[in-house]
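Analysis of the macromolecular model
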Amino acid sequence: MDHFLQLIFLISITIPLSFSLNFQIPSHENYLNISHITYLNSSLKTRIIGLANDPNTMEWMKKIRREIHEHPELAYEEFKTSEVIRRELDQLGVKYRWPVARTGVVATIGSGSPPFVALRADMDALPIQELVEWEHKSKVEGKMHACGHDAHVAMLLGAAKILQELRHKLQGTVILIFQPAEERGEGAKDMIKEGVLENVEAIFGLHIVHRYPVGVVASRPGEFLAGCGSFKAKISGKGGHAAIPQQSIDPILAVSTSVISLQSIVSREIDPLDSQVVSVAMIQGGTALNIIPDSATIAGTFRAFSKKSFFSLRERIEEVIKAQVAVHRCSAEIDFLGNEHPTIPPTINDEKVYEHVRYISSEIVGEENTKLAPSFMGSEDFAFYLDKVPGSFLFLGTANEKIGAVHPPHSPYYFIDEDLFPIGAAIHAAFAHSYLSELTRELYSST
């Protein structure tokens with residue numbers, strides 16, 4: 001992409017009551033273009049574009065993101081981040097509930113009556129030392145926003161600003177969920193327990209990614225991100241001297257055959273077209289080279305895209321470990337519910353909501369910049385929301401080689417292109433507004 005301001009060409013639309021609005025992103029040859037949105041009139045379309053592209057709004061989102069970036073907070077420690085969110089919501093005149101799930105914030109905009117549509121942003125950081133040298137580098141030793149959650153918060157606040165301006169035109173209520181602890185895989189579950197999805201009919205969320213350049217979005221219907229589970233097995237035998245192994249029951253041997261047998265699950269039992277992963281990533285056992293230990297431990301991760309495959313894989317892992325351990329006269333304690341790495345189900349986009357998001361996105365960034373994403377083995381606790389209500393998850397590109405925005409999430413060199421902020425804010429706002437209109441239209445057409 002050209003890093004200088006360029007003229008954006010105007011696309012003529014001939015369909016009655018439709019038109020094209022050009023949105024120039026600073027330093028990029030991208031545009032926001034909302035047209036054909038059936039349930040937004042022309043003046044409303046223009047308003048969404050104007051608010052998202054307003055220089056003051058852009059600088060406001062940048063300022064918020066940079067403040068949060070300088071003070072990263074880990075899961076359930078997002079007190080300052082929450083304070084920033086509440087401060088900005090207060091200034092916008094947006095009502096909210098706090099604390100939710102310890103540090104979360106849940107805001108509402110609109111009529112206060114059904115239908116309800118939810119938008120979600122996560123807000124926790126990672127225990128990583130930032131190595132990017134720039135003016136707003138993390139000021140907290142060993143902590144960094146290395147997954148873009150600071151940007152997610154800024155864009156959802158940007159959407160809040162747009163929606164608050166349009167609140168009298170909303171045909172229902174928008175719920176804005178600022179969620180803690182996504183990196184722990186627990187935040188969404190805790191928010192759900194506190195009722196954030198009550199009466200919600202659809203939910204939307206996004207994540208910035210380095211796989212696509214700024215101005216490009218990607219998603220897919222159905223199975224999008226893999227479910228992620230972890231396992232830890234303590235295998236116990238009987239310790240003794242390594243020179244007389246016949247007097248011991250060797251857990252190291254049981255561990256070794258278990259690891260090998262686990263690899264055969266995917267390679268010999270799973271349909272190659274049904275992508276799954278089992279990886280043993282940790283082995284602990286023994287304290288001396290001439291002593292057979294009493295026990296040894298293995299731990300790893302497993303992933304699959306469908307719920308059926310995911311839970312079948314978990315069951316098979318347990319069967320294989322217990323069978324191999326029994327062969328070698330050992331016993332096993334297997335834990336699938338680790339506190340550090342809780343189980344996250346597959347992220348499965350509802351096809352109807354996906355199509356709506358795709359439509360909105362294509363009108364904002366253009367059809368050529370709206371991609372069908374492949375399935376990814378990464379996981380997201382947004383999946384817990386999708387287990388409860390229909391919804392869709394979207395990738396928003398941030399890659400820009402010229403500024404070094406090329407490193408993947410969880411890298412100490414992770415850097416983003418802030419020019420994507422108007423796109424994210426506009427997609428959030430346009431989805432919420434148009435989907436409420438769609439739900440209202442469906443309600444009246446059925447009566």
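The structure presented is a predicted model; accordingly, all values stated were derived computationally and were not measured. (Residues numbered from 1 in each chain as written. Predicted model: local features only at pLDDT ≥ 70, side-chain atom pairs only at ≥ 80, totals over all residues. Heavy atoms only, no water.)

**Points about the side chain of S411**
If you trace the backbone, S411 turns up in the loop between β16 (391–399) and α10 (421–445). Not counting the four nearest positions on each side in its chain, S411 is found in contact with M144 and A146. (Helix = DSSP H or I, 4+ residues; strand = E, 2+ residues; numbered from the N terminus. Contact = heavy atoms within 4.5 Å.)

**Some remarks on the nonpolar core**
Nonpolar side chains in soluble globular proteins tend to end up buried together. In this structure, L89, F178 and F421 are the most contacted members of the largest nonpolar core, which totals 69 residues. With 12 residues, α10 is the single largest residue contributor to this core. F421 has contacts with M58, M61, K62, R65, A151, A154, M155 and I416, leaving out every residue within four places of it along the chain. (Core = buried A, V, L, I, M, F, W, Y, C linked by side-chain atoms within 4.5 Å. Buried < 20%, exposed > 50% of the residue type's maximum accessible area, 1.4 Å probe, protein only.)

**A short note on the pairing of β16**
Of all 9 residues in β16, 9 are buried; the element is thus mostly enclosed. Burial along β16 is two-sided: G391, F393, F395, G397 and A399 and S392, L394, L396 and T398, pointing in opposite directions, are all buried. Two elements, strand β5 (residues 200–213) and β16, share 8 bridges in a ladder whose sense is parallel. Looking at the pairing, I203 lines up with G391 of β16. (Pairing = 2+ DSSP bridges.)

**A short note on the pairing of strand β2 (residues 104–110)**
Along a regular strand, successive side chains alternate from one face of the sheet to the other. Within β2, 5 of the 7 residues are buried, which leaves the element mostly enclosed by the surrounding structure. Judged from the 4 bridges that link them, strand β1 (residues 95–100) and β2 form a sheet pairing that is antiparallel. Its bridge partner being in β2, V100 is matched across the sheet by G104. Linking β1 to β2, which pair antiparallel, is a turn of 3 residues; within it A101 sits at a positive phi near 50°. In this structure, β2 lies alongside strand β4 (residues 173–179), joined through 6 bridges in antiparallel fashion. Across the sheet, residue V105 finds its bridge partner in β4, namely F178.

**Examining the packing of helix α3 (residues 79–92) against helix α4 (residues 149–165)**
Two elements in contact, α3 and α4, have axes separated by 10 Å at closest approach and are oriented at 15°. Taken as axis vectors, α3 and α4 run roughly parallel relative to one another. The hand of the α3/α4 crossing is right-handed. Contacts between α3 and α4 involve I85, E88, L89 and L92 on the former and, on the latter, V153, L157, A160, K161 and Q164. In terms of residue class, the contact of α3 with α4 is made up of 6 nonpolar, 1 polar and 2 charged. (Axes fitted to C-alpha atoms, helices over the stretch in contact; angles between N-to-C directions. Parallel < 35°, antiparallel > 145°, perpendicular 65-115°, else oblique. Left-handed = near helix turned anticlockwise from the far one by under 90°. Nonpolar A, V, L, I, M, F, W, Y, C, P; charged D, E, K, R; others polar.)

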